[in-house]
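Structural characterization, general
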Amino acid sequence: LRSLVGSEMCIRDRAKAGVREAEGGRWPTLDAVVAKTKDKDRVVYSDGTRVGVEVNWNFGTGFELQRKVKVALAKQSAQEAKYESVRRNVQQQTFAVWGQTSAMREREARLREAADAAREVFEGRRRLMEFGRETLPQVLDAQIDYYTALQDYVDAVYDTRINDLRPVSYTHLRAHETPEH
């Protein structure tokens with residue numbers, strides 16, 4: 001869960017940086033320039049090395065700048081929406097799996113109690129058969145009921161364990177679907 005939400009946050013932060021970069025084009029740039037000339041005879045310049053400062057302000061690219069800012073803002077809002085969608089989806093999946101796990105654990109406990117009760121019935125009928133008060137078909141029916149209840153309990157235990165691993169497999173698959181950063 002953390003890696004999935006974290007990767008979406010990283011993409012969202014990159015979109016915000018793109019907006020800041022596009023908006024930064026509104027201001028002039030200041031460059032330090034060092035130039036070394038090869039005027040050995042010193043015809044044009046009296047010194048071989050020049051140092052200067054340049055200030056650049058592109059007045060002619062105003063519409064291009066607006067387009068870049070709008071594109072960056074659109075990317076940012078799309079990434080924000082995607083991040084919210086992923087966060088909401090992960091939260092819903094977590095709540096759903098948590099509810100399923102709680103219900104499955106309750107089912108597991110009830111089936112354990114049913115298997116214990118069926119075992120007691122089977123053992124009681126077997127003892128009664130030893131004293132001649134029960135018949136063999138009734139004891140065998142109780143034994144079948146006991147093993148059926150025990151099998152249901154074991155199935156519930158494994159279903160619960162598999163359901164416990166479902167969030168891990170879901171987030172692992174979703175994390176590999178997101179683009180690398």
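Whatever comes next refers back to the structure up there.
This is a predicted model, so every value here is computed, not measured.

Counting secondary structure elements, the protein contains three helices and two strands. For the protein, the sequential pattern of α-helices and β-strands runs α-β-β-α-α. Buried residues in the protein amount to 22% of all 181 residues. Within the protein, contacts between residues separated by at least 24 positions form 73% of all contacts whose residues are at least 6 apart in sequence.

Per the counting criterion, the structure on display carries two aromatic pairs. On the basis of an interplanar angle of 0 degrees and a centroid distance of 6.3 Å, the ring pair of F122 and Y146 is categorised as stacked. In this pair, F122 sits in helix α2 (residues 62–130) while Y146 sits in helix α3 (residues 136–177), placing the two residues 24 residues apart along the sequence. Comparing F122 with Y146, the two get one shared label, buried. Arranged with centres 5.0 Å apart and planes meeting at 50 degrees, the rings of Y146 and Y147 form a pair that is tilted. Classification of Y146 by relative accessible area gives buried; the value is 14%. The exposure class of Y147 is partly exposed, given its relative accessible area of 45%.

Another point: the environment of T101. One can find T101 in helix α2. On the basis of relative accessibility, which here comes to 10%, the residue T101 falls in the buried class. Here the alpha-carbon distance between T101 and N163, two residues 62 residues apart in the chain, equals 6.6 Å. Non-local contacts of T101, meaning those with residues more than four positions away in its chain, are made with N163 and D164.

It is worth spelling out the nonpolar core at this point. With seven residues, the main nonpolar core is built from A115, A118, F122, V139, A142, Y146 and A149. Contributing elements (two or more residues each) for this core: α2 and α3. Excluding residues that lie within four positions of it along the chain, F122 makes contacts with V139, A142, Q143 and Y146.

Relative to the elements of secondary structure, E108 occurs in helix α2. At 3.5 Å, the side chain of E108 forms a polar contact with the side chain of R161. Setting aside anything within four residues of it in sequence, one finds E108 in contact with Y153, A156, V157, T160 and R161.

As a working rule, side chains carrying opposite charge can pair if their charged atoms are close by. Summed over the entire model, instances satisfying the criterion amount to six salt bridges. In this structure, E84 engages R87 in a salt bridge whose closest nitrogen and oxygen atoms are separated by 2.9 Å. In this pair, E84 and R87 are both assigned in helix α2, three residues apart and thus about one turn of the helix distant. Overall, E84 belongs to the partly exposed group, its relative accessible area being 28%. In this structure, R112 and D116 form a salt bridge, with 3.7 Å as the shortest nitrogen-oxygen distance. Taken together, the residues R112 and D116, both in helix α2 and four residues apart, mark about one turn of the helix. The class for R112 is partly exposed, based on a relative accessible area of 38%.

Thresholds, definitions, all that
- Residues numbered from 1 in each chain as written.
- Predicted model: local features only at pLDDT ≥ 70, side-chain atom pairs only at ≥ 80, totals over all residues.
- Heavy atoms only, no water.
- Helix = DSSP H or I, 4+ residues; strand = E, 2+ residues; numbered from the N terminus.
- Buried < 20%, exposed > 50% of the residue type's maximum accessible area, 1.4 Å probe, protein only.
- Contact = heavy atoms within 4.5 Å.
- Phe/Tyr/Trp six-rings, centres within 6.5 Å; stacked < 30°, edge-to-face > 60°.
- Core = buried A, V, L, I, M, F, W, Y, C linked by side-chain atoms within 4.5 Å.
- Polar contact = N/O pair within 3.5 Å; in protein donor to acceptor, adjacent residues only side chain to side chain.
- Salt bridge = Lys/Arg side-chain N within 4 Å of Asp/Glu carboxyl O.

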